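Below, each chain spelled out in residue letters.
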Amino acid sequence: MAHRIAPVILAALGLQSLPACAVLPDSRGTPAVITDPTPESRRELARVIHEALGNVPVTLADDALTTLSMLSLEHARPRDPDGRLLNGRELTRPETFELFKRGSHCVLVQSKTGREWTLHHTQCVAAPLQSPQ
């Protein structure tokens, strides 16, 4: 009798685990890139990142987030009045942000904290797939 019950229990346990294996959509959205950046969209991106980092000055390239969905920002390295580096190594990790398309919205996510901002003056599309290096 025990030999008959064991396969039934194993089968039931196997069926219960199937929904857990289902692929669920990523709640963050689809990785995205900015299309047709404008001065207004660049200002919005810089303002959001400036605020996310605690109001520190931020310099972004004009093509930030236009080819890749991830943006990595290094911390400014302290210099003396003559412009020489004060220390040889930067020990802090770069700040990273990811852009996602969520419905018709572009959402910027700070990787370290998970905080997110909807960009209202920015157009984006799904990022092209990157080939493995």
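These remarks concern the structure in this document. (Residues numbered from 1 in each chain as written. Predicted model: local features only at pLDDT ≥ 70, side-chain atom pairs only at ≥ 80, totals over all residues. Heavy atoms only, no water.)

1. Some words on the pattern of salt bridges
Alright, step 1. The tally for this structure, following the rule as stated, stands at 4 salt bridges.
Alright, step 2. Across the pair Asp62 and Arg42 runs a salt bridge whose closest N-O atoms are separated by 3.9 Å. With Asp62 in the loop between helix H2 (39–52) and strand S2 (70–73) and Arg42 in helix H2, the pair connects residues that are 20 residues apart, well separated along the chain.
Alright, step 3. Classification of Asp62 as exposed rests on a relative accessible area of 54%.
Alright, step 4. Of the residues examined, Arg42 reaches a relative accessible area of 31% and is grouped as partly exposed.
Alright, step 5. The salt bridge partner of Arg102 is Glu116, with a shortest N-O separation of 2.8 Å. Linking Arg102 in strand S3 (residues 95–102) with Glu116 in strand S5 (residues 116–119), this pair joins segments that are 14 residues apart in sequence.
Alright, step 6. Judged by its relative accessible area of 40%, Glu116 is partly exposed. (Salt bridge = Lys/Arg side-chain N within 4 Å of Asp/Glu carboxyl O. Helix = DSSP H or I, 4+ residues; strand = E, 2+ residues; numbered from the N terminus. Buried < 20%, exposed > 50% of the residue type's maximum accessible area, 1.4 Å probe, protein only.)

2. Some details on the state of the cysteines
Alright, step 1. Summed over the entire model, instances satisfying the criterion amount to 1 disulfide.
Alright, step 2. Paired through a disulfide, Cys106 and Cys124 show a sulfur-sulfur distance of 2.2 Å. Residues Cys106 and Cys124 are joined through a disulfide that is left-handed, its torsion about the S-S bond being -115°. Pair noted here: Cys106 is in strand S4 (residues 105–110) and Cys124 is in strand S6 (residues 123–126), with a separation of 18 residues, a long-range link. Comparing Cys106 with Cys124 shows no difference in burial state: the two are buried. (Disulfide = S-S within 2.5 Å.)

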